[in-house]
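# A closer look at the structure
Next come the chains, spelled out residue by residue.
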Amino acid sequence: MDTLKTQRRDIADKAKKLRREGFVVGSLFGKEIKDSLLFKVDKLELAKFLRTNNKGSKVTLDIDGEKHLALIKSIDYDPFKGVINEISLQELLKDEVVKSVAEIVIENRDKVQSGVLQEDLTEVSYSALPADLVDKITIDASKLKFGEVIKVKDLDICKNPKLTVHTNPEAIILSVSASSINEEESTEETEASTTGVA
């Protein structure tokens, strides 16, 4: 489990000012935390940390040496500036069920045997105790063929009795459809047979 080292920040510290100084603001909330704990983290350190952790990851949050077992709940990105504005985490308690998401990671996209890979879902929502949290679901696309579909109900996470999945089990995650080139050829052949042109 990775540790994110941060510094406590006062409520009077303005977020915009801290961002100009190279920090990302954050907060930690939880059942046993009366008010959210506010912190700041160096933006470069956070970017490095998020290479291996994302929303739904279980991590150790270090606020000036005070460590908390936590779950990354949200990451607020600014798509225009390409920066992270804010990060929010929830403190994990051993016996408290929490709602989280598992990121869907697709491997070997370029090895699909036929057709084009269509990705319709990027994460699965579920609830579990801290010890049973899952942050990633890996799917190998190399064995998929034209016409095949993978739904949420096909995942191991749906077969785990320790988890309660909230995403629709019939929701499609991946499907393999005809390529645009094949579709164009099929259309041309249909038009030719209709008009009688060989």
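Here the structure is shown first, and the text comes after it.
Residues numbered from 1 in each chain as written. Predicted model: local features only at pLDDT ≥ 70, side-chain atom pairs only at ≥ 80, totals over all residues. Heavy atoms only, no water.

### Digging into the pattern of salt bridges
Any two side chains of opposite charge can pair, so long as their charged atoms come close to each other. Counted according to the given criterion, the structure contains seven salt bridges. Across the salt bridge formed by arginine 109 and glutamate 119, the nearest N and O atoms sit 2.6 Å from each other. You can see arginine 109 sitting in the loop between β7 (98-107) and β8 (116-119) and its partner glutamate 119 sitting in strand β8, a full 10 residues away along the chain. Salt bridges linked by common partners bring Lys151, Lys153 and Glu170 together as one network. (Salt bridge = Lys/Arg side-chain N within 4 Å of Asp/Glu carboxyl O. Helix = DSSP H or I, 4+ residues; strand = E, 2+ residues; numbered from the N terminus.)

### Regarding unusual backbone geometry
Here the phi dihedral of aspartate 64 falls at roughly 55°; this positive angle occurs in a residue that is not glycine. With respect to the helices and strands, the residue aspartate 64 is situated in the loop between β4 (58-63) and β5 (66-78). Positive phi outside glycine occurs at asparagine 108, with the angle close to 60°. Structurally, asparagine 108 is set in the loop between β7 and β8. By relative accessible area, which is 28% here, asparagine 108 ends up partly exposed. (Buried < 20%, exposed > 50% of the residue type's maximum accessible area, 1.4 Å probe, protein only.)

### Some thoughts on the sheet that holds β7
Across the sheet, four strands lie side by side as β10-β7-β9-β12; this open sheet has mixed pairing. Each having just a single partner strand, β10 (136-140) and β12 (164-165) make up the two edges of the open sheet. Two strands pair when backbone bridges link them, and β7 and β10 are joined in this way by five bridges, in the parallel orientation. When the bridges of β10 are listed, glutamate 107 appears paired with aspartate 140. (Pairing = 2+ DSSP bridges.)

### A look at the sheet that holds strand β6 (residues 83-91)
Here we have six strands rolled up into a closed barrel, ordered β1-β3-β2-β6-β5-β4, and mixed in their pairing. Taken pair by pair, the neighbouring strands of this sheet meet at an average axis angle of 45°, ignoring direction. Pairing between β4 and β5: six bridges, direction antiparallel. Its bridge partner lying in β5, leucine 61 is registered against histidine 68. (Axes fitted to C-alpha atoms, helices over the stretch in contact; angles between N-to-C directions.)

### Quick notes on the environment of aspartate 110
Looking at the secondary structure, you find aspartate 110 in the loop between β7 and β8. Sequence-wise, aspartate 110 and alanine 141 are 31 residues apart; in three dimensions their C-alpha atoms are separated by 8.2 Å.

### Brief notes about the pairing of strand β13 (residues 172-177)
With four bridges joining them, β8 and β13 adopt antiparallel strand pairing. Along β13, the bridge assignment pairs glutamate 119 with leucine 174.

### Focus on the nonpolar core
One broad trend across soluble globular proteins is that nonpolar side chains are buried collectively. Formed by 25 residues in total, the largest nonpolar core has its most connected members in Leu117, Ile139 and Leu174. Of all the secondary structure elements, the ones that give two or more residues to this core are β7, β9 (123-128), β10 and β13. With four residues, the single largest contributor to this core is β7. Here leucine 174 is in contact with Ile106, Leu117, Gln118, Glu119, Ile139, Leu144, Glu148, Val149 and Ile150, once residues within four sequence places are set aside. Formed by 19 residues, the second largest nonpolar core is a distinct cluster that contains Leu37, Val41, Phe49 and Ile72. (Core = buried A, V, L, I, M, F, W, Y, C linked by side-chain atoms within 4.5 Å. Contact = heavy atoms within 4.5 Å.)

### Things to note about the pairing of strand β2 (residues 23-29)
The element β2 is extensively covered by neighbouring structure, given that six of its seven residues are classed as buried. Bridge count between β2 and strand β3 (residues 37-42): six bridges; the pairing is antiparallel. Paired with valine 24 across the strands is valine 41, a residue of β3. Relative to β6, β2 is paired through five bridges, and the arrangement is parallel. Paired with glycine 26 across the strands is isoleucine 87, a residue of β6.

### What about the side chain of aspartate 132?
Structurally, aspartate 132 can be placed in the loop between β9 and β10. For the buried aspartate 132, which has no salt bridge, the nearest side chain bearing the opposite charge is lysine 162, at an N-O separation of 4.1 Å. (Lys, Arg positive; Asp, Glu negative; His and termini not counted.)

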